[in-house]
Amino acid sequence: MQAARGAMANFRLALIQLHVSAVKSDNLQRACGLVREASAKGAKVVALPECFNSPYGTQYFKEYAEKIPGESTQKLSEVAKECSIYLVGGSIPEEDGGKLYNTCTVFGPDGAMLAKHRKVNNSLFLSRKDKKENARSLGTNAVVQNTCGVQVHLFDINIPGKIQFKESETLSPGNSFSMFDTPYCKVGLGICYDIRFAEMAQIYGQKGCQLLIYPGAFNLTTGPAHWELLQRGRAVDNQVYVATVSPARDEKASYVAWGHSTVVNPWGEVIAKAGAEETVIYTDIDLKKLAEIRQQIPILSQKRCDLYGREMKK
């Protein structure tokens with residue numbers, strides 16, 4: 001089995017766990033500086049965290065939102081070209097047509113934008129009754145239909161006594177998946193809560209992705225419980241590398257991110273992991289190892305899609 005159909009078998013991945021402040025220009029300057037540092041240390045693919053240019057919170061999204069292209073994406077394009085790397089630009093609040101989105105952009109070594117991914121799935125920890133009431137109060141824009149005919153709700157978390165957060169107050173969901181090609185492998189994109197949906201990762205795997213990157217900002221409740229667990233699950237299920245990129249933890253922020261940016265290999269092993277502070281972590285992605293794992297346990301060729309599809313229709 002070929003590692004990547006003639007592609008290079010190894011490359012260095014860097015995840016930038018950025019401390020995000022309330023000053024956008026400072027965030028952009030520091031992010032670009034760390035991108036340059038990662039490139040100087042041999043990284044060919046570099047990723048920033050969710051909401052890297054603004055504090056994370058519904059009260060901030062409108063204030064910090066930009067058109068794409070705009071100030072932040074222009075900086076990302078320039079530094080990707082300067083360093084001749086593939087740059088996954090975490091995410092920023094995007095304004096388009098009077099709506100706000102949580103959007104990740106990707107730029108290639110020539111500075112061209114290769115992908116734009118709007119966060120598809122958004123957290124929801126509400127009762128069935130609360131879901132109905134929430135959708136009713138927000139109107140038809142509160143939900144979208146996915147291919148399974150199930151409504152995808154906007155980001156509303158309510159864990160009594162721990163955390164409550166309603167992204168639906170300001171953001172709209174995306175409605176498509178996003179991938180981009182590199183000389184190394186095809187990469188699939190998700191943002192934060194997208195990682196909880198196994199179907200999304202499965203589709204990426206079936207379409208040939210060997211690395212999935214999720215900029216994300218889990219919190220101090222869901223982070224210790226599910227952050228690493230979900231990454232290992234997506235990696236083993238689909239025999240892919242999974243990377244998650246969090247902002248650094250800021251105990252003074254209104255929303256405190258978990259941190260612990262991580263890379264998991266297709267065997268489910270954690271091969272790189274940050275702490276809570278601002279840092280850059282590196283790992284060498286070995287596509288030969290991925291091919292060996294898929295050869296040893298060939299689940300991709302053993303899938304019974306005929307059976308799964310038939311059972312889903314019952």
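Everything that follows concerns the structure shown earlier in this document.
Residues numbered from 1 in each chain as written. Predicted model: local features only at pLDDT ≥ 70, side-chain atom pairs only at ≥ 80, totals over all residues. Heavy atoms only, no water.

Peer 1: Break down the overall build of the protein for me, with residues and values.
Peer 2: A count of helices and strands for the protein gives nine helices and 17 strands. Taking all 314 residues of the protein together, the buried fraction comes to 53%. Long-range pairs, those at least 24 residues apart, make up 69% of the contacts in the protein between residues at least 6 apart in sequence. Element-wise, carbon and sulfur atoms account for 49% of the exposed surface of the protein, whose accessible area totals about 14200 Å². (Helix = DSSP H or I, 4+ residues; strand = E, 2+ residues; numbered from the N terminus. Buried < 20%, exposed > 50% of the residue type's maximum accessible area, 1.4 Å probe, protein only. Contact = heavy atoms within 4.5 Å. Areas by Shrake-Rupley, 256 points an atom, 1.4 Å probe, with all protein chains shown as cover.)

Peer 1: Give a description of the state of the cysteines that names residues and reports values.
Peer 2: Applying the stated criterion across every chain, the model contains zero disulfides. In this structure Cys83 is not part of a disulfide, and its nearest cysteine sulfur, from Cys32, lies 8.7 Å away. As a non-bridged cysteine, Cys192 has Cys51 as the owner of its nearest cysteine sulfur, 9.2 Å distant. (Disulfide = S-S within 2.5 Å.)

Peer 1: Go over the sheet that holds strand E13 (residues 209-215) with me, naming the residues and quoting the values.
Peer 2: Read across the open sheet, the six strands follow the order E11-E12-E13-E14-E15-E16; overall the sheet is mixed. The open sheet has two edge strands, strand E11 (178-181) and strand E16 (270-273), and neither has a second partner. On average, each strand axis in the sheet is tilted by 20 degrees relative to the strand beside it, whichever way the strands run. Sheet analysis places strand E15 (residues 262-264) next to E16, joined by three bridges and oriented antiparallel. Each bridged residue has a counterpart across the sheet, and for Thr262 the counterpart in E16 is Lys273. (Pairing = 2+ DSSP bridges. Axes fitted to C-alpha atoms, helices over the stretch in contact; angles between N-to-C directions.)

Peer 1: Lay out the pattern of salt bridges with the relevant residues and their values.
Peer 2: Counted according to the given criterion, the structure contains 16 salt bridges. A salt bridge links Lys314 to Glu311, with the nearest nitrogen and oxygen atoms 2.8 Å apart. Note on Lys314: relative accessible area 73%, which makes it exposed. Residue class for Glu311 comes out partly exposed when judged on its relative accessible area of 40%. Each of Glu94, Asp96, Lys116 and Arg118 takes part in salt bridges that share partners, so that together they form one network. (Salt bridge = Lys/Arg side-chain N within 4 Å of Asp/Glu carboxyl O.)

Peer 1: Got a sec to walk through helix H6 (residues 222-238)? Specific residues and values, please.
Peer 2: For H6, spanning 17 residues, the distance from its first C-alpha to its last is 23 Å, which sits close to the expected 24 Å at 1.5 Å a residue. Two residues or fewer past H6, Gln239 is found with a positive phi of approximately 50 degrees. (Expected span 1.5 Å × (residues − 1).)

Peer 1: Summarise the environment of Ile203; cite the residues concerned and give the values.
Peer 2: Checked against the element boundaries, Ile203 lands in helix H5 (residues 198-206). Put simply, Ile203 and Asn238 are 35 residues apart on the chain and 9.3 Å apart in space, counted from C-alpha to C-alpha.

Peer 1: Got a sec to walk through unusual backbone geometry? Specific residues and values, please.
Peer 2: When glycine is set aside, most residues are seen to have a negative phi, and most peptide bonds are trans. Omega for the bond connecting Ile68 with Pro69 falls within 30 degrees of zero, at 5 degrees, which places this linkage in the cis form. Phi is positive for Cys192, which is not a glycine, with a value near 50 degrees. Of note, Gln239 is a non-glycine position whose phi angle comes to about 50 degrees, a positive value. Position of Gln239 relative to the elements: it lies in the loop between H6 and strand E14 (241-245).

Peer 1: Account for the packing of aromatic side chains, naming residues and giving values.
Peer 2: Enumeration over the complete set of coordinates arrives at eight aromatic pairs. With centroids separated by 5.5 Å and ring planes inclined at 50 degrees, the aromatic side chains of Phe177 and Tyr204 adopt a geometry described as tilted. Here the residue Phe177 occupies a position in the loop between strand E10 (163-166) and E11, and Tyr204 occupies one in helix H5, the gap between them amounting to 27 residues. Classification of Phe177 by relative accessible area gives partly exposed; the value is 35%. Ring geometry for Tyr193 and Phe197: centres 5.4 Å apart, planes at 80 degrees, overall edge-to-face. Assessed through its relative accessible area of 10%, Tyr193 is described here as buried. Judged by its relative accessible area of 29%, Phe197 falls in the partly exposed class. (Phe/Tyr/Trp six-rings, centres within 6.5 Å; stacked < 30°, edge-to-face > 60°.)

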